[in-house]
Amino acid sequence: MRRLWTPAWIARHVAMVVLVVGFLGLGWWQISRATAGNSLSWGYAVEWPIFAGFVVYVWWREVKLARRRVAEADAPPADPAVEPVPAVTTGSRPAVRRPVRVSRAPATGDVVEDTDLAAYNHYLSWLNANPGARPGDYPG
């Protein structure tokens, strides 16, 4: 695939190889230290190869994603008269859509007064008017 041999991708491939070789080398160094008597190095001897595996995993995912994007770009365009149905597959990312503005229109007709809400608002206004009062002092 030619698109994976651009300068940016060559840098990624080189970085992956350098990191994997470096991490495996550090793991080997920790194994040599652990066999010399440093018991803490056994943990690091296991940890460095895991880091190398993670680098390979991330590189593989990026290559796979780039190949998928190329395949989608090379696909023939769909018929504009037919609206495509989005395919939902396991592991696919949901499409990010633009937000929809909804205009708010005032309610028309008779407004029904909520008596509980009116009583609570009266209680709050009384508390605001009497800052030193306790809730038990409310006369209503």
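Residues numbered from 1 in each chain as written. Predicted model: local features only at pLDDT ≥ 70, side-chain atom pairs only at ≥ 80, totals over all residues. Heavy atoms only, no water.

Asker: Before we move on, can you summarise the overall build of the protein chain with the specific residues and values?
Answerer: Summing up its helical and strand segments, the protein chain has three helices and zero strands in all. If you list the helices and strands of the protein chain from N to C, you get α-α-α. Going through the 140 residues of the protein chain one by one, you find that 13% of them count as buried. Of the roughly 12400 Å² that the protein chain leaves accessible, carbon and sulfur atoms contribute 62%. (Helix = DSSP H or I, 4+ residues; strand = E, 2+ residues; numbered from the N terminus. Buried < 20%, exposed > 50% of the residue type's maximum accessible area, 1.4 Å probe, protein only. Areas by Shrake-Rupley, 256 points an atom, 1.4 Å probe, with all protein chains shown as cover.)

Asker: If you had to explain the packing of aromatic side chains to someone new, which residues and values would you point to?
Answerer: Tallying each qualifying case throughout the model produces seven aromatic pairs. On the basis of an interplanar angle of 85° and a centroid distance of 5.4 Å, the ring pair of Trp-48 and Phe-51 is categorised as edge-to-face. You can see Trp-48 and its partner Phe-51 sitting in helix H2 (residues 41-74), three residues apart, about one turn around the helix. Joined through ring pairs, the aromatic side chains of Tyr-120, Tyr-123, Trp-126 and Tyr-138 make up one cluster. The ring of Trp-9 carries the charged tip of Arg-12 above its face, separated from the ring centre by 4.6 Å. (Phe/Tyr/Trp six-rings, centres within 6.5 Å; stacked < 30°, edge-to-face > 60°. Lys NZ or Arg CZ within 6 Å of the ring centre and 35° of its normal.)

Asker: Residue-level account of the packing of helix H1 (residues 7-35) against H2, with values.
Answerer: Where H1 contacts H2, the axes come no closer than 7 Å and their chain directions differ by 165°. Judged on the interaxial angle alone, H2 and H1 are roughly antiparallel. The element H1 and its partner H2 pack so that their crossing is left-handed. Grouping the constituent residues of the contact of H1 with H2 by class yields 21 nonpolar, five polar and three charged. (Axes fitted to C-alpha atoms, helices over the stretch in contact; angles between N-to-C directions. Parallel < 35°, antiparallel > 145°, perpendicular 65-115°, else oblique. Left-handed = near helix turned anticlockwise from the far one by under 90°. Nonpolar A, V, L, I, M, F, W, Y, C, P; charged D, E, K, R; others polar.)

Asker: Residue-level account of the side chain of Gln-30, with values.
Answerer: As for its position among the elements, Gln-30 is in helix H1. Classification of Gln-30 by relative accessible area gives buried; the value is 6%. A polar contact of 2.9 Å, which involves the side chain of Gln-30, links it to the side chain of Ser-41. Residues within four places of Gln-30 in sequence aside, it is in contact with Ser-41, Tyr-44, Ala-45 and Trp-48. (Polar contact = N/O pair within 3.5 Å; in protein donor to acceptor, adjacent residues only side chain to side chain. Contact = heavy atoms within 4.5 Å.)

Asker: If you had to explain H1 to someone new, which residues and values would you point to?
Answerer: Here H1 spans 42 Å end to end across 29 residues, near enough to the 42 Å set by a 1.5 Å rise per residue. For H1, the complete set of buried residues consists of Trp-9, His-13, Met-16, Val-20, Phe-23, Gly-27, Gln-30 and Ala-34. In the core, the buried residues of H1 are packed alongside H2. One or two positions beyond H1, positive phi appears at Gly-37, with a value near 120°. (Expected span 1.5 Å × (residues − 1).)

Asker: Go over the nonpolar core with me, naming the residues and quoting the values.
Answerer: Residues Met-16, Val-20, Phe-23, Trp-48, Ala-52 and Val-55 constitute the largest nonpolar core, which totals six residues. Only H1 and H2 provide two or more residues apiece to this core. Beyond its immediate stretch of four places on either side in the chain, Val-20 contacts Ala-52, Val-55 and Val-56. (Core = buried A, V, L, I, M, F, W, Y, C linked by side-chain atoms within 4.5 Å.)

Asker: Account for a nonpolar patch on the surface, with residues named and values stated.
Answerer: Taken together, Trp-5, Ile-10, Val-14 and Val-18 make up a surface patch of nonpolar side chains, about 410 Å² in accessible area. In this structure Val-14 comes out as partly exposed when scored by relative accessible area, which is 47%. (Patch = residues over 30% accessible without salt bridge, like charges linked within 9 Å, V, L, I, M, F, W, Y side chains within 5 Å. Salt bridge = Lys/Arg side-chain N within 4 Å of Asp/Glu carboxyl O.)

Asker: I'd like a description of the side chain of Ser-41, backed by residues and values.
Answerer: Summarising the element assignment, Ser-41 is placed in helix H2. Dropping the residues within four chain positions of it, Ser-41 is found in contact with Gln-30, Arg-33 and Ala-34.

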